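# Observations on the model geometry
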Amino acid sequence: MPDCSCEKCVEACVYGNPGWFLPGQVEKVADFFDVPPEVLIENRLIKDYWPKHLIGRCDILSPVKIFDSSLPSEISDIALEGKCAPPWYALIPGRCTFFFAGVCTIHSVKPFECREQGCGPEFKQKWPGHSLREYIAGEWLKYYAAKAAK
Ligand code: SF4
């Protein structure tokens, strides 16, 4: 999404699933906050996964969701930051950790998925169905394969 002016687009930031980063993007967010990437991951990100790519399970980084305090404690008490997303994670609405006062506070360095999705037809034409998540998951698989080959 180009900015936070479209209420429909920011639904993902408030009630949906925060976007996925591509490999290499988390370092830019860490620079933005002037913290090491490991600290950012431990405090603000979650390790998500694409169910079709079991090899890449829990290796896709994304901003963590903050859950509504009215949720049952067995869900809301689980500390998710820096951890692997549980299977139910995508199903429960939550606010992105970087969404504050109606805007994305990391707009200039936000995840690739956030940048590439929106409610207009041009977004849907460019990334039909689940193709955007497929693409990002594929980039993470390539990244880990290259790392393992070193
Ligand atoms: S990173 Fe920004 S655009 Fe992406 S979900 Fe979070 S608040 Fe929304």
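Numbers given for residues are sequential positions, taken from 1 along each chain in its written order. It should be noted that, the model being predicted, local features are given only for residues of pLDDT at least 70 and side-chain atom pairs only at 80 or more, the latter also being counted only at that level, while totals for whole chains, interfaces and linings use all residues.

Turning our attention to the overall build of the protein. Strands here are runs of E lasting at least two residues and helices are runs of H or I lasting at least four, both read from the DSSP assignment and numbered beginning at the N terminus. Helix and strand counts for the protein come out as 7 helices and 6 strands. Order of helices (α) and strands (β) in the protein, N terminus to C terminus: α-α-α-β-β-β-α-β-β-β-α-α-α. Intrachain contacts of the protein at a sequence separation of at least 6 include 67% that bridge at least 24 residues. The contact criterion used is a C-beta to C-beta distance within 7 Å, with each C-beta placed from the backbone.

For each residue, a C-beta position is placed from the backbone atoms; the residue is near a molecule or strand when that point lies within 6 Å of it. Lining the immediate environment of the ligand, one finds 13 residues, of which Cys-13, Cys-96, Phe-99, Cys-104 and Cys-114 sit closest. For this classification, the nonpolar set comprises Ala, Val, Leu, Ile, Met, Phe, Trp, Tyr, Cys and Pro, the charged set comprises Asp, Glu, Lys and Arg, and every other residue, Gly included, is treated as polar. Its residues placed into classes, the shell around the ligand shows 11 nonpolar, 1 polar and 1 charged.

To continue, consider the nonpolar core. Formed by 22 residues in total, the largest nonpolar core has its most connected members in Val-26, Leu-45, Ile-60 and Leu-61. Elements represented by at least two residues in this core include exactly α2 (25-33), α3 (37-44), β1 (45-48), β2 (60-63) and α7 (131-149). Here this core gets 3 residues from one element, more than from any other, and that element is α7. Core membership is restricted to buried Ala, Val, Leu, Ile, Met, Phe, Trp, Tyr and Cys residues, and these are joined into a nonpolar core through C-beta atoms within 7 Å. In this scheme the burial state of a residue depends on its C-beta neighbours within 10 Å: 20 or more other such atoms mean buried, 12 or fewer mean exposed, and anything in between means partly exposed; the C-beta positions come from the backbone.

The subject of this paragraph is unusual backbone geometry. Despite not being glycine, Asp-34 shows a phi value in the positive range, around 60°. In this fold, Asp-34 is placed in the loop between α2 and α3. Its identity as a non-glycine residue notwithstanding, Ala-101 has a phi of 55°, on the positive side. By the secondary structure assignment, Ala-101 is in the loop between β5 (99-100) and β6 (103-104).

Time to look at the confidence of the model for the protein. In this model, the protein carries an average pLDDT of 85, and 85% of its residues clear a pLDDT of 70 or more. No element of the protein has a lower mean pLDDT than helix α4 (residues 73-76), which averages 55, and none a higher one than α2, which averages 97. A residue's pLDDT is the confidence the predictor assigns to it, expressed on a 0 to 100 scale.

Okay, the environment of Ile-41 next. Note on placement: Ile-41 falls in helix α3. For Ile-41, a count of 20 C-beta atoms within 10 Å gives the class buried. Remark: the alpha-carbon pair of Ile-41 and Leu-61, spanning 20 residues in sequence, is separated by 8.0 Å.

Along α3, the residues classified as buried are Leu-40, Ile-41 and Arg-44. Take α3 and look down its axis: the buried residues cluster within an arc of 110°, on one side only. Exposed and oriented more than 90 degrees from the buried face of α3 are Glu-38 and Val-39. In this structure, the buried residues of α3 make contact with α2, β1 and β2. The reported arc concerns the directions from the helix axis to the C-beta atoms and nothing else.

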